[in-house]
Amino acid sequence: MFFRFIRITTTAALIYLFFRVGYPMPGHQIYHMLVILILLGASAVLTVALHLVEFSSMKLPLVLEAVFAAAVLVGLGFTMPARRGPILPQLLQGRFPTQSSVKEGLENLGMDPKSDASRKIIAVFPR
């Protein structure tokens, strides 16, 4: 059960961080704090619910985890503040994060963009 919680939370966190770093917008601390709390709470509730459902089906928990990840992607994609409007339509139009926007996003999170870890993250994205 604990590993399922970690897997669900990690998936939601990676989606959140991709949006937060790739499409930076300074400010909105209350939004980001609430999103993190909601994601943690929803992950915990889903973990307990999946543990209860697991007795009746083995495939249903995996399907529900995928549905949760899709819901996080769509929910954050339309509600997270970003330049040029919601993030999900930008992704669907082909406006992917660039190295300069990721660098700015990492600076907004308080990371040094010149550190080794930051350089590795920045190198993943196109110029």
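Residues numbered from 1 in each chain as written. Predicted model: local features only at pLDDT ≥ 70, side-chain atom pairs only at ≥ 80, totals over all residues. Heavy atoms only, no water.

## Considerations on the packing of helix 5 (residues 99-108) against helix 6 (residues 116-124)
Between helix 5 and helix 6, whose axes approach to 8 Å, the crossing angle comes to 145°. Considering how the two elements wind past one another, helix 5 and helix 6 form a crossing that is right-handed. On helix 6, the residues that touch Q99, V102, K103 and L106 of helix 5 are S118, I121, I122 and A123. A per-class count over the contact of helix 5 with helix 6 returns 5 nonpolar, 2 polar and 1 charged. (Axes fitted to C-alpha atoms, helices over the stretch in contact; angles between N-to-C directions. Helix = DSSP H or I, 4+ residues; strand = E, 2+ residues; numbered from the N terminus. Left-handed = near helix turned anticlockwise from the far one by under 90°. Contact = heavy atoms within 4.5 Å. Nonpolar A, V, L, I, M, F, W, Y, C, P; charged D, E, K, R; others polar.)

## Side note on helix 5
Restricting attention to buried positions, one finds in helix 5 the residues S101, V102, G105 and L106. Each buried residue of helix 5 sits inside an arc of 140° when the element is viewed along its axis, so together they form one side. Those residues of helix 5 that are buried are in contact with helix 1 (2-22) and helix 6. G110, located one to two residues past helix 5, shows a positive phi value of around 90°. (Buried < 20%, exposed > 50% of the residue type's maximum accessible area, 1.4 Å probe, protein only. Arc of directions from axis to C-beta.)

## Considerations on the pattern of salt bridges
Scanning the model with the defined rule gives 4 salt bridges in all. Across the pair R4 and E65 runs a salt bridge, and its minimum N-O distance is 3.2 Å. Pair noted here: R4 is in helix 1 and E65 is in helix 3 (residues 60-79), with a separation of 61 residues, a long-range link. Assigned by exposure class, R4 and E65 land together as buried. The partner of E104 in a salt bridge is R83, and the shortest N-O contact between them spans 2.8 Å. Taken together, the residues span a long stretch of sequence, with E104 in helix 5 and R83 in the loop between helix 3 and helix 4 (87-92) at a distance of 21 residues. Take R83: its relative accessible area is 41%, and that puts it in the partly exposed class. (Salt bridge = Lys/Arg side-chain N within 4 Å of Asp/Glu carboxyl O.)

## Points about the environment of R7
Along the chain, the position of R7 falls in helix 1. For the pair formed by R7 and P113, sequence separation is 106 residues and the distance between their alpha carbons is 28 Å. One polar contact links R7 to E65, side chain to side chain, over a distance of 2.9 Å. (Polar contact = N/O pair within 3.5 Å; in protein donor to acceptor, adjacent residues only side chain to side chain.)

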